[in-house]
Amino acid sequence: MDFELSEEHRLVRQTVREFAEKELAPGVQERDEKQEFPYEQIKKLGELGFMGVAIPEKYGGAGLDSIAYAIVIEELSRVEAAVGTIVSVNNTLFCEGLYKFGTEEQKQKYLVPLASGKGLGAYSLSEAGSGSDAAALKTLITPDGDHYVLNGTKMWVSSGGNATHYIIFVTLNPELRHKGICAIIVERETEGLKIGKKENKLGIRSSDTVELIFDNVRVPKANLLGGEGEGFKIAMNILDDGRVSISAQSIGIAQGAFEAALKYAKERVQFGKPIIEYQAIQNKLADMATEIDAGRLLTYRAAYLREQKKSYSKEASMAKLFCAPMANRVANQAVQIHGGYGYLKDFSVERFMRDAKITEIYEGTTEIQRIVIAKHLKNE
Ligand code: CAA
């Protein structure tokens, strides 16, 4: 057992950290305020190979491993969690999905450009009536010659307004529940596809979240991912990866909030000495640092198992079950350490606290992670 990062992993961490501090930190507050998408920054991340971190080079990716990928998401989220979301959705929910389930033709056509940052991917499972109960989705897919026709409305699509391509989950017949679900690649410019309402969110505000409306959208049959009725398992399999990714995002948010709190505690003087000299503050900082380390170990273990081609679905959910609430606890304490200043938008901890909340909701709520873990335990 080796707890040290490899030379390559350390280099990845250093490269992404430098990028985040130089390219993300200066505009993060303003983008958050205005809900402004970081176009330039995402373009640069694509040029650096970070839009397809663990995708092999022959498919346009950087050819790194799952731990390197977790480090990338962690470091981006340490400065701007919303960039962590955009990069995570493209890497995991779109590119990894295509890499695992796509045909060679689909990979050449869609994976190669998107893994190299020439385009942006999104993944759309949820609908107004199907969030945690993903198998209840109702957007229809109907075969028509060598095409399918899509009709319905998807919701909460991260990056949906800026994406060039989507993996959309649709059903042949809602009564079939998970057995009727199909996954299909849809290009943004397809006739009948409209971007609906852009949501006004609590956190990760520079990442856009939209509705997608399908009005008789015709998509070639060649764009089906896997077979008819295999979409639910594809969605769940992709989400196993996504849950490692959101755990990494949670660690990044927690780390960013912790570092701000530690710095503030050393500088802030009350009753004649820096507040870090008080045990009440020391206790908070000690708990925060310990929780972040515990989350990091759970996340890297899930990434390691994935890399070893072992089962990691349970471990991915365990990492997310721990890391998402942990990021919320840590960011909350970081605000508390800052006192009144922490409640102001001038300080980053307020944003970290808002950004942390989504990690307990998307890609499976904390409650859903417990269901997934318990299902695995029953079968052991
Ligand atoms: N990999 C492959 N197959 C899987 C799987 C996995 N991880 N998990 C389940 N399956 C298979 C099961 O084996 C089962 O197969 P059989 O029919 O052969 O038996 C089938 O899928 C159905 O499984 P369940 O009976 O467990 O399905 P369920 O309806 O009870 O749901 C659930 C299980 C865990 C609650 C699931 O619905 C779930 O994860 N819900 C949460 C959905 C979610 O995470 N949504 C997030 C939206 S995406 C998002 O947030 C993206 C974004 O924009 C950032």
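Residues numbered from 1 in each chain as written. Predicted model: local features only at pLDDT ≥ 70, side-chain atom pairs only at ≥ 80, totals over all residues. Heavy atoms only, no water.

Quick look at the site of the ligand
Taken together, 25 residues are adjacent to the ligand, and Ser132, Ser158, His178, Lys233 and Lys375 come closest. In the environment of the ligand, an oxygen atom lies 2.8 Å from a nitrogen or oxygen atom belonging to the side chain of Arg243. Between the ligand and Gly364, the relevant distance is 2.9 Å, taken from an oxygen atom to a main-chain nitrogen or oxygen of the residue. Protein contact buries 73% of the 1,100 Å² of open area that the ligand shows by itself. When atom positions are compared with the pocket grids, the ligand is found to occupy the largest pocket. (Near = heavy atom within 4 Å. Polar contact = N/O pair within 3.5 Å; in protein donor to acceptor, adjacent residues only side chain to side chain. Areas by Shrake-Rupley, 256 points an atom, 1.4 Å probe, with all protein chains shown as cover. 1 Å grid on protein atoms, 1.4 Å probe; cavity = no way out; pocket = protein on both sides within 12 Å on 5 of 7 lines; lining within 4 Å. Sits in = over half its atoms within 2 Å of the grid points.)

Some points on empty space enclosed by the protein
As enumerated under the stated definition, the model contains two cavities of 30 Å³ or more in all. Within this model, the largest cavity holds a volume of roughly 90 Å³. Around the largest cavity, the lining residues are Ala54, Ser66, Tyr69, Asn91, Thr92, Glu96, Asp241, Val244, Ser245, Ala303 and Arg306. Within the residue set of the lining of the largest cavity, elements represented by two or more residues are helix 4 (66-79), helix 5 (81-101), helix 7 (231-267) and helix 8 (279-307). A class-by-class count of the residues in the lining of the largest cavity yields four nonpolar, four polar and three charged. Taken domain by domain, the makeup of the lining of the largest cavity includes at least three residues from each of domain 1 (7-119) and domain 3 (232-378). Its volume calculated, the second largest cavity comes out at about 60 Å³. Residues of the lining of the second largest cavity, tallied by class, amount to four nonpolar, one polar and five charged. When residues of the lining of the second largest cavity are sorted by domain, at least three fall in each of domain 1 (7-119) and domain 2 (122-229). (Points joined across faces, edges and corners; volume = space filled by probe spheres on them. Helix = DSSP H or I, 4+ residues; strand = E, 2+ residues; numbered from the N terminus. Nonpolar A, V, L, I, M, F, W, Y, C, P; charged D, E, K, R; others polar. Domains from an automatic or database assignment.)

What about the environment of Pro325?
One can find Pro325 in helix 9 (residues 313-338). Between the C-alpha atoms of Pro325 and Ala302, which are 23 residues apart in sequence, the distance is 18 Å. With residues up to four places along the chain from it excluded, the contact list for Pro325 reads Lys320, Glu360 and Thr366. (Contact = heavy atoms within 4.5 Å.)

Thoughts on the side chain of Gln41
Summarising the element assignment, Gln41 is placed in helix 3 (residues 39-47). Residues contacting Gln41, with those up to four places away along its chain left out, are Phe19, Glu23, Leu24 and Arg31.

Things to note about the domain arrangement of the chain
Many analyses report the size of an interface as the accessible area lost when the parts associate. Taken domain by domain, the chain comprises domain 1 (7-119), domain 2 (122-229) and domain 3 (232-378). The distance between the C-alpha centroids of domain 2 and domain 3 comes to 30 Å. With 16 residues of domain 2 in contact, the opposing surface of domain 3 contributes 14 residues. When domain 2 packs against domain 3, the two sides together hide about 1,200 Å² of surface, and 76% of this comes from carbon and sulfur. The largest share of the area that domain 2 buries against domain 3 comes from Tyr123, Leu202 and Ile204, three residues that together contribute 41% of it. Scanning the region where domain 2 abuts domain 3 turns up zero salt bridges. Connecting domain 2 to domain 3 are three residue pairs in polar contact (both at pLDDT 80 or more). Grouping the constituent residues of the side of domain 2 that touches domain 3 by class yields ten nonpolar, five polar and one charged. (Buried area = accessible area lost by both parts, 1.4 Å probe. Salt bridge = Lys/Arg side-chain N within 4 Å of Asp/Glu carboxyl O.)

Here we look at unusual backbone geometry
Although it is not a glycine, Gln35 adopts a positive phi angle of roughly 55°. The class of Gln35 is buried, set by a relative accessible area of 14%. Of note in this structure, Arg177 is not a glycine but carries a positive phi near 50°. (Buried < 20%, exposed > 50% of the residue type's maximum accessible area, 1.4 Å probe, protein only.)

Points about the pairing of strand 3 (residues 147-158)
Taken together, the five bridges between strand 2 (residues 140-144) and strand 3 define a ladder with antiparallel strand orientation. What sits directly across from Pro143, in strand 3, is Tyr148. The hairpin turn running from strand 2 into strand 3, its antiparallel successor, is two residues long, and Gly145 in that turn takes a positive phi close to 60°. (Pairing = 2+ DSSP bridges.)

Concerning the pattern of salt bridges
Under the defined criterion, the tally for this structure stands at 30 salt bridges. Of the charged contacts in the structure, one is a salt bridge between Glu74 and Arg13, with a shortest N-O distance of 3.3 Å. Of the two residues, Glu74 sits in helix 4 while Arg13 sits in helix 1 (residues 7-24), which places them 61 residues apart along the sequence. The class for Glu74 is buried, based on a relative accessible area of 2%. Overall, the relative accessible area of 17% leaves Arg13 in the buried class. We note a salt bridge from Glu75 to Arg17, for which the minimum N-O separation is 2.8 Å.

Quick look at the packing of helix 9 against helix 10 (residues 348-359)
Direction vectors running N to C along helix 9 and helix 10 enclose 160°, while the axes themselves pass 9 Å from each other. Considering the angle they form, helix 9 stands roughly antiparallel to helix 10. Of the two elements, helix 9 crosses helix 10, and the hand of that crossing is left-handed. Contacts from Lys320, Ala324, Ala327, Asn328, Ala331, Asn332, Ala334, Val335 and His338 in helix 9 reach Val349, Glu350, Phe352, Met353, Ala356, Lys357 and Thr359 in helix 10. Among the residues forming the contact of helix 9 with helix 10, the class breakdown is nine nonpolar, four polar and three charged. (Axes fitted to C-alpha atoms, helices over the stretch in contact; angles between N-to-C directions. Parallel < 35°, antiparallel > 145°, perpendicular 65-115°, else oblique. Left-handed = near helix turned anticlockwise from the far one by under 90°.)

Considering the layout of surface pockets
For the largest pocket, the calculated volume is near 1,200 Å³. Lining of the largest pocket is provided by 44 residues; of these, Gly131, Leu239, Arg243, Glu363 and Gly364 occupy positions nearest its centre. The biggest single contributor to the lining of the largest pocket is helix 7, with seven residues. Among the residues forming the lining of the largest pocket, the class breakdown is 19 nonpolar, 14 polar and eleven charged. If you add up the space inside the second largest pocket, you get close to 560 Å³. Surrounding the second largest pocket, 15 residues form its lining, Asp2, Phe3, Ile67, Leu297 and Tyr300 being those nearest its centre.

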